[in-house]
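Understanding the architecture of this molecule
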Amino acid sequence: MTYKVGHGFDVHPLVKDRRCIIGGVEIKYTRGLLGHSDADVLIHAIADAILGALGEGDIGHFFSDKDPVHKGIDSKIILKKIQSLMLDACFKVGNIDATIICEEPKIAPYIKEMKKNIAQTLDCDISQINIKATTTEKLGYLGRGEGIAAHVICLIEKN
């Protein structure tokens, strides 16, 4: 069996008058993530991890933030497109391990729904998706609540 590993990272600033979408879940919070799409930091990092494993660059190559067609796009659509690239290359998800980094909002209550969304989008078992949340103990721009970041590692395996 052939295995490949990819790493993804994304960060978006928190601003007023935006929805906070993470892992395809709308989180009730006073601010939301700013971006050209829905700014789903977790799904963007997952997409980049898969693309990294495939050796296909990053999501900006496929979904430019300069293209008005992608304005406000649901990140699950982005992930579905990346999944189709993975399937075309005869690979499937082995597992995904993700860490969301922020002081607020609290992520734990939403993790189960995030895992379900991602597993459904990638047509894999929920047991193949792991999501954790942590803080930076109030250090740096994330610690000051200026944004939310996500790190992801993904193992893909040849079909």
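You'll find the structure just up there.
Residues numbered from 1 in each chain as written. Predicted model: local features only at pLDDT ≥ 70, side-chain atom pairs only at ≥ 80, totals over all residues. Heavy atoms only, no water.

1. Notes on the sheet that holds strand β1 (residues 3-15)
Heads up, the rule is: Strand pairing is defined by DSSP finding a minimum of two bridges between the two strands. Labels follow the DSSP assignment, with helices taken as runs of H or I lasting at least four residues and strands as runs of E lasting at least two, numbered in each case from the N terminus. When checking whether two residues touch, look at their non-hydrogen atoms; a contact exists if any pair is within 4.5 Å. Note on geometry: axes are lines fitted to C-alpha atoms, helical ones only across the stretch in contact, with angles between N-to-C directions running from 0 to 180 degrees.
Reading across from one edge, β4-β1-β7-β5-β6 is the order of the five strands in this open sheet, with mixed pairing throughout. Pairing within the sheet leaves two strands with one partner each, and these edge strands are β4 (32-33) and β6 (129-134). Two strands pair when backbone bridges link them, and β1 and strand β7 (residues 147-158) are joined in this way by eleven bridges, in the antiparallel orientation. Its bridge partner being in β7, K4 is matched across the sheet by I156. Set on the sheet, helix α1 (residues 41-54) makes contact with β1, β4, β5 (91-101), β6 and β7; between it and β1 the angle comes to about 155 degrees. Sitting on the sheet, helix α4 (residues 111-121) touches β5 and β6, and the angle it makes with β6 is about 145 degrees.

2. Remarks on the packing of α1 against helix α3 (residues 75-88)
Convention followed: By the definition adopted for this analysis, an angle is roughly parallel if under 35 degrees, roughly antiparallel if over 145, roughly perpendicular if from 65 to 115, and oblique otherwise. Each crossing gets its handedness from the near helix: less than a right angle anticlockwise from the far helix is left-handed, clockwise is right-handed. Here the term charged refers only to Asp, Glu, Lys and Arg, the term nonpolar to Ala, Val, Leu, Ile, Met, Phe, Trp, Tyr, Cys and Pro, and the term polar to all other amino acids, Gly among them.
Where α1 meets α3, the closest approach of the two axes is 9 Å, and the angle between their N-to-C directions is 15 degrees. Taken together, α1 and α3 sit at an angle that is classed as roughly parallel. For α1 against α3, the interelement crossing comes out left-handed. The residues of α3 that touch α1, namely those facing I43, H44, I46, A47, I50, L51 and L54, are S75, K76, I78, L79, I82, L85 and M86. Looking at side-chain class alone, the contact of α1 with α3 contains eleven nonpolar, two polar and one charged residues.

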